[in-house]
Amino acid sequence: MLTLKLKAGDSLQIGDSIRLTVKEDSTKGRLTVGIDAPREINIARIPIGAKAKAGHNI
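Remember, predicted model here, so these are calculated numbers, not experimental data.

**Regarding the side chain of T21**
1) Next: Turning to its location among the elements, T21 is positioned in strand β2 (residues 18-25).
2) Next: Of the residues examined, T21 reaches a relative accessible area of 15% and is grouped as buried.
3) Next: With near-sequence residues (within four places) excluded, T21 lies in contact with G9, D10, S11, T32, V33 and G34.

**Focus on the environment of I41**
1) Next: If you trace the backbone, I41 turns up in the loop between β3 (31-36) and α1 (50-54).
2) Next: Overall, the relative accessible area of 35% leaves I41 in the partly exposed class.
3) Next: The spatial distance from the C-alpha of I41 to the C-alpha of S17 is 9.6 Å, given a sequence separation of 24 residues.

**Focus on a nonpolar patch on the surface**
1) Next: Nonpolar side chains collect at one region of the surface, where L31, V33, I35, I41 and I43 lie side by side and expose about 410 Å² of accessible area between them.
2) Next: On the secondary structure map, I43 appears in the loop between β3 and α1.

**Observations concerning the confidence of the model for the protein chain**
1) Next: Mean pLDDT for the protein chain: 84, with 86% of residues reaching 70 or above.
2) Next: Here α1 stands out as the least confident element of the protein chain, with mean pLDDT 59; strand β1 (residues 11-14) is the most confident, with 95.

**Points about the environment of V33**
1) Next: Structurally, V33 is set in strand β3.
2) Next: Residue class for V33 comes out partly exposed when judged on its relative accessible area of 40%.
3) Next: Counting along the chain gives 25 residues from V33 to A8, while the straight-line C-alpha distance between them is 9.0 Å.
4) Next: Not counting the four nearest positions on each side in its chain, V33 is found in contact with L20, T21 and K23.

**Looking at the environment of Q13**
1) Next: Among the secondary structure elements, Q13 is positioned in strand β1.
2) Next: With 23 residues separating them in the primary sequence, Q13 and D36 have C-alpha atoms 9.6 Å apart.
3) Next: If near-sequence neighbours (up to four positions away) are discounted, Q13 is found in contact with I18 and R19.
4) Next: Reaching out from Q13, the side chain makes a polar contact with the backbone oxygen of G15 at a distance of 3.4 Å.
5) Next: Within the structure, Q13 has its side chain in polar contact with the side chain of R19 (distance 3.0 Å).

Rules and cut-offs
- Residues numbered from 1 in each chain as written.
- Predicted model: local features only at pLDDT ≥ 70, side-chain atom pairs only at ≥ 80, totals over all residues.
- Heavy atoms only, no water.
- Helix = DSSP H or I, 4+ residues; strand = E, 2+ residues; numbered from the N terminus.
- Buried < 20%, exposed > 50% of the residue type's maximum accessible area, 1.4 Å probe, protein only.
- Contact = heavy atoms within 4.5 Å.
- Patch = residues over 30% accessible without salt bridge, like charges linked within 9 Å, V, L, I, M, F, W, Y side chains within 5 Å.
- Areas by Shrake-Rupley, 256 points an atom, 1.4 Å probe, with all protein chains shown as cover.
- Salt bridge = Lys/Arg side-chain N within 4 Å of Asp/Glu carboxyl O.
- pLDDT = per-residue confidence, 0-100.
- Polar contact = N/O pair within 3.5 Å; in protein donor to acceptor, adjacent residues only side chain to side chain.

The following block contains the structure:
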């Protein structure tokens, strides 16, 4: 797993077609992220604790 510290305005490029951009980093421990990806890419939010229950290996 790659772990990065990003601030508002920073972007992360994944492959040629996916870009994540940090939109807002609040003091409440929440992060707003913008995702630019082709429509055929499935993007799903996995709630905390759900990955262990559903068997996700992220």
